[in-house]
Amino acid sequence: MRLGAGTFAACCVAIEVLGIAVFLRGFFPAPVRSSAGTEHGAEPPAPEPSAGASSNWTTLPPPLFGKVVIVLIDALRDDFVFGSKGVKFMPYTTYLVEKGASHSFVAEAKPPTVTMPRIKALMTGSLPGFVDVLRNLNSPALLEDSVIRQAKAAGKRIIFYGDETWVKLFPKHFVEYDGTTSFFVSDYTEVDNNVTRHLDKVLKRGDWDMLILHYLGLDHIGHISGPSSPLIGRKLSEMDSVLMKIHTSLLSKEREVALPSLLVLCGDHGMSETGSHGASSMEEVNTPLILISSAFERKPGDVRHPTRVQQTDVAATLAIALGLPIPKDSVGSLLFPVVEGKPMREQLRFLHLNTVQLSKLLQENVPSYEKDPGFEQFKMSERLHGNWIRLYLEEKQSEVLLNLGSKVLRQYLDALKTLSLSLSTQVAQYDMYSMMVGTVVVLEVLTLLLLSVPQALHRKAELEVPLSSPGFSLLFYLVILVLSAIHVIVCTSAESSCYFCGLSWLAAGGVMVLASALLCVIVSVLTNVLVGGKPRRKNPVHPSSRWSELDLLILLGTVGHVLSLGASSFVEEEHQTWYFLVNTLCLALSQETYRNYFLGDDSEPQCGLHVEQGLDGVATAWQGGPGCDVLERGKGHGSPPPSEVLHGSEKWMVLASPWLILACCRLLRSLNQTGVQWAHRPDLGHWLTSSDHKAELSVLAAVSLLVVFVLVQRGCSPVSKAALALGLLGVYCYRAAIGSVRFPWQQDSKDISKGITEARFVYVFVLGILFTGTKDLLKAQVVPADFRIKTVGLWEIHSGLVLLAALLFRPHNLPVLAFSLLIQTLMTKFIWRPLRHDAAEVTVMHYWFGQAFFYFQGNSNNIATVDISAGFVGLDTYVEIPAVFLTAFGTYAGPLLWASHLVHFLSSETHSSSALSHACFCYAMICSIPVSTYIVLVTSLRYHLFIWSVFSPKLLYEGMHLLITAAVCVFFTAMDQTRLTQS
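These figures come from a predicted structure and were not determined experimentally.

Broken down by element type, the protein chain carries 38 helices and twelve strands. When each of the 983 residues of the protein chain is scored for burial, the buried share is 58%. Once local pairs closer than 6 in sequence are excluded, the contacts in the protein chain between residues at least 24 apart make up 78%. As displayed, the protein chain has an accessible area near 40100 Å², and 62% of this comes from carbon and sulfur atoms.

Here is the structure:
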């Protein structure tokens, strides 16, 4: 079967997306779980240990508190409460921390620091899997054991107001609830007012046992303007008044009830210096945890400093506080200060219940649990506890009894700490079979792409895919039988759950057929290459053929980048790799222009990989000369060399262009500090976004939008030019409406709104420009002779995407967009046109610059740098599909805009029939190499210390990047088919 190189590459990337999806499903493991499912009901509590004496404590202890109120403030950092901001904006909370009846902690949240996994950790005590970051957008019902489930089973009445994630996680658990949308980050006022408006009514009532309030406003402010925004202080003051209202109401009601109340103030995660979250920086993982109750008596002068605990400790503490069983999957420890005021026997009883629960979980998840230090400490503590009970029943008071009780207490606390640590390190139960299936498919695709290079880069850009030969059929059926046998053996002998084994036979069989077909194609192509190697000697390589400096840079840069992915520091600071490669590329281009123009080298520039198809086989050579120029614009082999085409100022502009591009890249590096090591350092972006420099930001945004218009309008039709101008004006009006910038006549920020009307005004022009471009492309198929129609149509599509990016970018990032267009213009006019690089080299350069601009935007391999506020521009409610699309486009705008420019450039600058096919194939291959290599590296590093904080987020980024690559390849193929229709 004969396929075009572009179509073949698009199919390969689509198959690779399937392979990496299977790999990701196996890689992100299921956390440790108790084998006793929740459907079996509550198990009887462990009896109190005894040594020869009988104890009547065989039931759960009674609750310590009558009512529990949980106030969860989303993105509440520990320094917002315990630092200077807490003293300034939360005076009542600060008083309770320093002098009131309370216990304060700094609770560490494990990555991923996003809301849904953190709620699971708080209520179940377990460590959620990293894949929960994907489920955060649409949370499924939580089937694990939790404090909420146990409270409902015990007849507790629970009321909830706030983030609707709780309602999705715990459906039918609340007797009363009012959920608010958590993803509409533009709203930070109404989203909290909808919670507070219920307080007066519910606090007067006594028909509830547990009240949960989840406030989202602080998190939304962080996403919009960061932790340094003046809005943060106002929101903290608002939360302090809410806490005071709840606390005073609980204190006034305690005189009427037997048990005291417990008020819990906590955060689900912190907030990075950019206002986002999801990664593992100190600002994101450290959250305050304050337990407030009249039961926590404090003597005058008693200073209690916040101690560090784990967020998973909250579930066990709440269970004990409410007299409930500890959730079966909890890996947390009881916060001992909560019960230290109780009699010794009760303290030991609480600690024993916690250690029994953890030891059972250890037994179910660790085969060699008996050798675990925590289990040994637990057994020793239980024996000492039994001796203490026997002594206690014989004599109620004695010094020996007190000393032995203190010893047992310390032993239990040590056992709890060790058991919790052991279970926390057992979070990874990888689905190796699914990982292997995905890895095999991805590596097969990469191998096939590499073997297909000679045919794909031939002038005809066509490949012969051998799918019907007898040898192919025989090998195919043999491989199918072998894979089916392996599948049956693995799935019938697997001790743990396996995703691939859980698939239907039709789906699993389809993947096996695909893997078999790929293997057979690889064998056939490899056979043809080996057989065709002998005739190649009859066609020796051109005497002048050699590797150019640019070819060597591309090869070494690609290999170096792939090798760097095996080190955690290089993954964290990957932006430095791309900055280095782009800068080196500019120096190589400078050297090439200097040789061609300044030294008067009239020879044709060296060409890249060139493949010729002979009658007897395939011959591959790196050749120079005019015949290998893929971008030849119909001038023939006798076209004049570059030095004869350009004169005077144009020649000097060609020489200066690489240095101008270098200067632009250096300016962009200072705009956004990214990565990990230097992300905390001040940059130009922080300076511009501060409230004191709004005038400077406004001028910069206006100038950037003007530059964008000047650079983009040159290729548009008159109608699209007008739409572009009005759209860019609407972008500035939108940013002025939400208070990011201001017009000269604006004196204050009283007229701040959500900017919905202004944003939708821009969307109209974006859709209009895209529609005009699409219409021109369709018209080009009807009128194939008019080549200019297609060129204008492609540029208008590029312009529409530029306008959309301008709307989604934050104002301080608009220079990134302007510089991107400026560099594209310089490269097109003064480098690619005069030097006539081939399609492969132009494609790799576009790819490199696209990756560099991904990081110039302020992105990194941390989830925290994803700007989700872009997903809500122009939306008044949360709509999942548009929000996900806008967020993805805003994040990957750099690579997408460079890819769309590549399509336009190759379509307009060459009449070659194979340029787009070559570009599609090269783009697919240059994207597949790091993805394929990375999943092999991640598999080998799956027990690395930084697997979840560094390598896993990068794996998600690579998966998303591959999906975008598939979309780009489909666009390439569509344009190539349009070219074929015209020809």
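There's more to say after this.
Turning next to the state of the cysteines. Scanning all chains against the criterion turns up one disulfide. In this model, Cys491 is linked to Cys501 through a disulfide, with the two sulfur atoms separated by 2.1 Å. Every disulfide takes its handedness from the sign of the S-S torsion; for Cys491 and Cys501 that torsion is -85 degrees, giving left-handed. Taken as a pair, Cys491 in helix 20 (residues 470–493) and Cys501 in helix 21 (residues 499–502) lie far apart in primary sequence, ten residues in all. Taking the relative accessible area as the measure of exposure, Cys491 reaches 25% and is therefore partly exposed. As a non-bridged cysteine, Cys12 has Cys11 as the owner of its nearest cysteine sulfur, 7.0 Å distant.

On inspection of all chains with the given rule, the structure shows 26 aromatic pairs. With 5.8 Å between their ring centres and 15 degrees between their planes, Phe23 and Phe27 make a pair best called stacked. With a gap of four residues between them, Phe23 and Phe27 both fall in helix 1 (residues 5–27), about one helical turn apart. Neither Phe23 nor Phe27 differs from the other in exposure class; each is buried. Taken together, the ring pairs connect Trp578, Tyr847, Trp848, Tyr923 and Phe972 into an aromatic cluster. Across from the ring centre of Trp208, 4.5 Å away, lies the NZ or CZ of Lys67, which sits over that ring.

A word on the pairing of strand 2 (residues 67–73). Most of strand 2 is tucked away: seven of the seven residues are buried. Residues of strand 2 alternate between two faces, with Lys67, Val69, Val71 and Ile73 on one and Val68, Ile70 and Leu72 on the opposite face, all of them buried. Pairing geometry for strand 2 and strand 7 (residues 261–266), over six bridges, is parallel. When the sheet's bridge partners are listed, Leu72 is paired in strand 7 with Cys266. Pairing analysis gives six bridges linking strand 2 to strand 6 (residues 210–215), with the strands arranged parallel. Within strand 6, the position partnered with Val71 by the bridge is Leu213.

Take unusual backbone geometry next. Here Pro111 and Pro112 are connected by a cis peptide whose omega angle stands at 5 degrees. Mapped onto the elements of the fold, Pro112 is located in the loop between strand 3 (102–108) and helix 5 (115–124). Positive phi outside glycine occurs at Lys172, with the angle close to 65 degrees. Tracing the sequence through the fold places Lys172 in the loop between helix 8 (165–169) and strand 5 (176–180). Positive phi values are uncommon outside glycine, yet Arg836 reaches one of about 50 degrees. Structurally, Arg836 can be placed in the loop between helix 33 (814–835) and helix 34 (839–856). Of the residues examined, Arg836 reaches a relative accessible area of 7% and is grouped as buried.

Moving on, we come to empty space enclosed by the protein. Enumeration over the complete set of coordinates arrives at ten cavities of 30 Å³ or more. Counted as a void, the largest cavity has a volume near 130 Å³. Taken together, 15 residues line the largest cavity, and the ones lying closest to its centre are Gln851, Tyr855, Lys954, Glu958 and His961. Those elements that provide at least two residues to the lining of the largest cavity are helix 25 (574–598), helix 34 and helix 38 (947–982). Of the residues belonging to the lining of the largest cavity, the class tally is eight nonpolar, four polar and three charged.

Contact geometry for helix 34 and helix 37 (residues 915–940): axes closest at 9 Å, N-to-C directions at 45 degrees. Regarding the angle of helix 34 to helix 37, the classification is oblique. Considering the relative orientation of helix 34 and helix 37, their crossing is right-handed. On helix 37, the residues touching Ala839, Ala840, Thr843 and Tyr847 of helix 34 are Ala915, His918, Ala919, Cys922, Tyr923, Ile926, Cys927 and Pro930. The class makeup of the residues in the contact of helix 34 with helix 37 is ten nonpolar, two polar and no charged.

Our focus in this paragraph is the confidence of the model for the protein chain. Summing up the model confidence of the protein chain, the mean pLDDT is 84 and the portion of residues at 70 or higher is 86%. Below a pLDDT of 50 lies the segment residues 534–545, which in the model reaches ten contacts outside its immediate sequence neighbourhood of four places, other chains included. Overall, residues 601–644 carries pLDDT values under 50, and its contacts beyond four positions in sequence, including any with other chains, amount to 110 contacts.

The next point concerns the sheet that holds strand 2. Strand order in the open sheet formed by eight strands is 5-4-6-2-7-8-3-9, with mixed pairing between adjacent strands. Where the open sheet ends on each side, the last strands, each with one partner, are strand 5 and strand 9 (307–310). For this sheet, the mean inter-axis angle between neighbouring strands, taken without regard to orientation, is 15 degrees.

Definitions and cut-offs
Residues numbered from 1 in each chain as written. Predicted model: local features only at pLDDT ≥ 70, side-chain atom pairs only at ≥ 80, totals over all residues. Heavy atoms only, no water. Helix = DSSP H or I, 4+ residues; strand = E, 2+ residues; numbered from the N terminus. Buried < 20%, exposed > 50% of the residue type's maximum accessible area, 1.4 Å probe, protein only. Contact = heavy atoms within 4.5 Å. Areas by Shrake-Rupley, 256 points an atom, 1.4 Å probe, with all protein chains shown as cover. Disulfide = S-S within 2.5 Å. Phe/Tyr/Trp six-rings, centres within 6.5 Å; stacked < 30°, edge-to-face > 60°. Lys NZ or Arg CZ within 6 Å of the ring centre and 35° of its normal. Pairing = 2+ DSSP bridges. 1 Å grid on protein atoms, 1.4 Å probe; cavity = no way out; pocket = protein on both sides within 12 Å on 5 of 7 lines; lining within 4 Å. Points joined across faces, edges and corners; volume = space filled by probe spheres on them. Nonpolar A, V, L, I, M, F, W, Y, C, P; charged D, E, K, R; others polar. Axes fitted to C-alpha atoms, helices over the stretch in contact; angles between N-to-C directions. Parallel < 35°, antiparallel > 145°, perpendicular 65-115°, else oblique. Left-handed = near helix turned anticlockwise from the far one by under 90°. pLDDT = per-residue confidence, 0-100.

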